[in-house]
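# Survey of secondary and tertiary structure
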Amino acid sequence: MKTNRMLLVVLLALTAGFFTQCKKASKVDPDDENELITTIRLHFKQNGTTSTFEWKDNDGDGGNAPDIDQIRLKANTTYELTTEFIDGSKTPAEDITEEILEKADEHLVVYTPAPASLLTYTYGDKDSRNLGIGLTGTLVTGNTGQGTLKVQLRHQPPVNGVPVKNGTAGPGSDDALVDFDVVLE
């Protein structure tokens, strides 16, 4: 009886060892964690005039609701869009935009309008692999109406030393995900 138990324990140990040896682990650099974003500023420039709209959540997730500006723009108009990301939990506040630019190969800002006809966005900045970053670009508004603009900062660090950023929102995780109400007049 003891021999059967011992044989069973050995077989289980070997089986567990076999499965752990076959499993390929994906490792992300532990120092490459998501950013804390407490403020997002969108700067829309048209004919020398800049309008700024902001999402602000000073206490982070949970707690108090964030303050979110309603974006009001002219219909059928082209804007230069510049986006800033700030960590206001530190004193002084840290401009995360600089880090995003430094690690451009690992970040992507995605702009998703609803409805899709609300506006179109074209990337104006590129990383070392010629993929969009999204800190600067051109935004063209549609006809008068209203909807939402989702601003999503994707953190897409390499896995096992292999880049995963491919120009889509798919890989990685969200550093920030915010919906702005938009009115086109």
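Residues numbered from 1 in each chain as written. Predicted model: local features only at pLDDT ≥ 70, side-chain atom pairs only at ≥ 80, totals over all residues. Heavy atoms only, no water.

### So, the layout of surface pockets
This is how the line gets drawn: Here the term cavity refers to a set of points on a 1 Å grid, laid over the protein atoms alone, in which a 1.4 Å probe fits but cannot get out; the term pocket refers to an open set having protein on both sides within 12 Å along at least five of seven lines, with lining residues being those that place an atom within 4 Å of a point. Grid points are joined across faces, edges and corners, and a volume is the space filled by probe spheres set on the points. Put simply, DSSP H or I for four residues or longer makes a helix, DSSP E for two residues or longer makes a strand, and each gets a number counted from the N terminus. Residue type decides the class: Asp, Glu, Lys and Arg count as charged, Ala, Val, Leu, Ile, Met, Phe, Trp, Tyr, Cys and Pro as nonpolar, and the leftover types, Gly among them, as polar.
Taken as a whole, the largest pocket holds about 170 Å³ of empty space. The dominant element in the lining of the largest pocket, judged by the number of residues it contributes, is strand 11 (residues 173–184), at three residues. Residue classes in the lining of the largest pocket are distributed as five nonpolar, one polar and four charged.

### Side note on the pattern of salt bridges
Where we set the bar: Criterion for a salt bridge: a side-chain nitrogen of Lys or Arg within 4 Å of a carboxyl oxygen of Asp or Glu. Exposed residues in this analysis have more than 50% of their type's maximum accessible area, buried residues have under 20%, and partly exposed residues fall in between, with area computed by a 1.4 Å probe over protein chains only.
Applying the stated criterion across every chain, the model contains seven salt bridges. Between Arg-72 and Glu-185 there is a salt bridge; the shortest N-O distance is 2.6 Å. Taken together, the residues Arg-72 in strand 4 (residues 71–73) and Glu-185 in the segment after strand 11 connect sequence positions 113 residues apart. On the basis of relative accessible area, Arg-72 is assigned to the partly exposed category, the value being 39%. One salt-bridge network, in which partners are shared between bridges, spans Arg-41, Glu-54 and Glu-84.

### Describing the side chain of Thr-39
Threshold: Whether two residues are in contact is decided by their heavy atoms, any of which lying within 4.5 Å being enough.
Within the secondary structure, Thr-39 sits in strand 1 (residues 39–46). Classification of Thr-39 by relative accessible area gives buried; the value is 3%. The contacts of Thr-39, once residues within four sequence positions are left out, are Glu-54, Trp-55, Lys-56, Glu-84, Phe-85 and Ile-86.

### Regarding unusual backbone geometry
Looking along the chain, the bond that leaves Thr-91 and enters Pro-92 is cis, with omega of -5 degrees. Examined against the element boundaries, Pro-92 turns out to sit in the loop between strand 5 (78–87) and strand 6 (94–95). Along the chain, Ala-114 connects to Pro-115 via a cis peptide bond; the corresponding omega equals 0 degrees. Position of Pro-115 among the secondary structure elements: in the loop between strand 7 (107–114) and strand 8 (119–123). Positive phi is not limited to glycine here, since Asn-76 has a value of about 50 degrees. Checked against the element boundaries, Asn-76 lands in the loop between strand 4 and strand 5. The residue Asn-130 is not glycine, and still its phi comes out positive at about 65 degrees.

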